[in-house]
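Chain by chain, the residues run as shown.
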Amino acid sequence: MGDVISLMERRARRAPAAVPAPPDPAVRGPGRPRVTFFFDLVSPWTYLAAERAERMLPGGRWRPATGEVLLGGRTAPDPRDIVRRDAAERRADELRLPLIWPEGWPTSGQGAMRVAAMAAERGMAAPFVLAAGRLAFCGGYDLDDPEVIAEAAAAAGLALGDALAAAAQIRRDGAMERAAMRLLRHGADELPAAVVGRRLFAGEGRLAAAPAPVPRRTAGPG
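Residues numbered from 1 in each chain as written. Predicted model: local features only at pLDDT ≥ 70, side-chain atom pairs only at ≥ 80, totals over all residues. Heavy atoms only, no water.

Topic: the pattern of salt bridges
Pairing is possible between side chains that carry opposite charge, provided their charged atoms lie close to one another.
1) Next: Taken as a whole and assessed by the stated rule, the structure comprises eight salt bridges.
2) Next: The salt bridge involving Glu204 is made with Arg52; its shortest N-O contact spans 2.3 Å. Of the two residues, Glu204 is situated in the segment after β5 (199-202) and Arg52 in helix α2 (residues 44-56); the sequence distance between them amounts to 152 residues.
3) Next: Between Asp173 and Arg114 there is a salt bridge; the shortest N-O distance is 2.8 Å. Of this pair, Asp173 sits in helix α9 (residues 172-185) while Arg114 sits in helix α5 (residues 110-121), and the two are 59 residues apart along the sequence. Summarising the burial analysis for this pair, Asp173 and Arg114 share the class buried. (Salt bridge = Lys/Arg side-chain N within 4 Å of Asp/Glu carboxyl O. Helix = DSSP H or I, 4+ residues; strand = E, 2+ residues; numbered from the N terminus. Buried < 20%, exposed > 50% of the residue type's maximum accessible area, 1.4 Å probe, protein only.)

What follows is the structure, encoded as structure tokens:
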């Protein structure tokens, strides 16, 4: 275990051009495109992006998607070699963020992703992702450790029993895989990704190019 974050202490204290994106079935307000932030907790790039996503994409929905799907059909080295290379660590240095490879990475994390899916259904994905990402990539903890899931669930206001039950619900995997397939069909080659209206911005380095939604103005007097 890493020493950056103590779970017990925490408890005690309690950019390329955009391409067309898949249509978003949700209703959008006039003049305000729907924003969706797609993430995979296993990816260090999601951790690096999530720290800024709420500021860059205010009011956006957070949705889990299976990052491995985006590698389907490619001839590539072992995924753990791809993301362990210097690029992720160099980017973390640029952002002045710590980056510690968590225990069990990248073979663990599916249970935490299922909890993230439940959190997304309840509008609580952002705090869950932020807490889980920090525990994993700042503290070096295994994403699927029940203690980590419990800590991240508490940060998101999720009941512990609900979170642990969701972590075991294999039925949630299909929806996350389908979300990734839709992104893949529309040109996404990596996660995280943001869909702003009908525009897709795939990859942590491209999110800064995504236009922030403009809030609707309310009519003033007269």
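After presenting the structure, the write-up continues.
Looking at the side chain of Ser43
1) Next: Tracing the sequence through the fold places Ser43 in the loop between β2 (35-39) and α2.
2) Next: You can call Ser43 buried: its relative accessible area is 14%.
3) Next: Within the structure, Ser43 has its side chain in polar contact with the backbone nitrogen of Trp45 (distance 3.0 Å).
4) Next: Setting aside chain neighbours within four positions, we find Ser43 in contact with Phe137 and Leu191. (Polar contact = N/O pair within 3.5 Å; in protein donor to acceptor, adjacent residues only side chain to side chain. Contact = heavy atoms within 4.5 Å.)

Describing the pairing of strand β4 (residues 193-196)
Walk down a regular strand and you will see the side chains alternate between the two sheet faces.
1) Next: Burial of β4 is two-sided: the residues Ala193 and Val195 facing one way and the residues Ala194 and Val196 facing the other way are all buried.
2) Next: Bridge count for β2 against β4 is four bridges, and the pairing is antiparallel. Following the sheet pairing, Thr36 is matched in β4 by Val195.
3) Next: What sits between β4 and β5 in their antiparallel hairpin is a turn of two residues, with Gly197 showing a positive phi close to 65°. (Pairing = 2+ DSSP bridges.)

Some details on the packing of α2 against helix α4 (residues 86-95)
1) Next: Between α2 and α4, the least distance of the axes is 10 Å, while the angle of their chain directions is 15°. On the basis of their axis angle, the class for α2 and α4 is roughly parallel. Crossing of α2 against α4: the hand is left-handed. Between α2 and α4, the contacting residues are Pro44, Trp45, Leu48 and Arg52 on the first element and Ala87, Ala88, Arg91, Ala92 and Leu95 on the second.
2) Next: Residues of the contact of α2 with α4, tallied by class, amount to seven nonpolar, no polar and two charged. (Axes fitted to C-alpha atoms, helices over the stretch in contact; angles between N-to-C directions. Parallel < 35°, antiparallel > 145°, perpendicular 65-115°, else oblique. Left-handed = near helix turned anticlockwise from the far one by under 90°. Nonpolar A, V, L, I, M, F, W, Y, C, P; charged D, E, K, R; others polar.)

Describing helix α8 (residues 160-167)
1) Next: Those residues of α8 not exposed but buried are Ala163, Ala166 and Ala167. What you see down the axis of α8 is that its buried residues fit within an arc of 105°, all on one side.
2) Next: Those residues of α8 hidden inside the fold are in contact with α5, α7 (146-156) and α9. (Arc of directions from axis to C-beta.)

Here we look at the packing of aromatic side chains
1) Next: Counted by the stated rule, this structure contains six aromatic pairs.
2) Next: Both rings, one in Phe39 and one in Trp62, keep their centres 6.4 Å apart while their planes meet at 55°; by these two values the pair is tilted. Of the two residues, Phe39 sits in strand β2 while Trp62 sits in strand β3 (residues 61-64), which places them 23 residues apart along the sequence.
3) Next: Residue classification places Phe39 among the buried positions, given a relative accessible area of 0%.
4) Next: When the ring of Trp101 is compared with that of Phe137, the centres are 6.4 Å apart and the planes differ by 80°; the resulting orientation is edge-to-face. With Trp101 in the loop between α4 and α5 and Phe137 in helix α6 (residues 125-137), this pair connects stretches of sequence that are 36 residues apart.
5) Next: Through a chain of ring-to-ring contacts, the aromatic side chains of Tyr47, Trp101, Trp105 and Phe137 assemble into a single cluster. (Phe/Tyr/Trp six-rings, centres within 6.5 Å; stacked < 30°, edge-to-face > 60°.)

Structural notes on the side chain of Arg52
1) Next: Judged by relative accessible area, which is 13%, Arg52 ranks as buried.
2) Next: In this structure the side chain of Arg52 is engaged in a polar contact, spanning 3.3 Å, whose partner is the backbone oxygen of Leu48.
3) Next: Ignoring anything within four residues of it in the chain, the contact list for Arg52 reads Arg91, Leu95 and Glu204.

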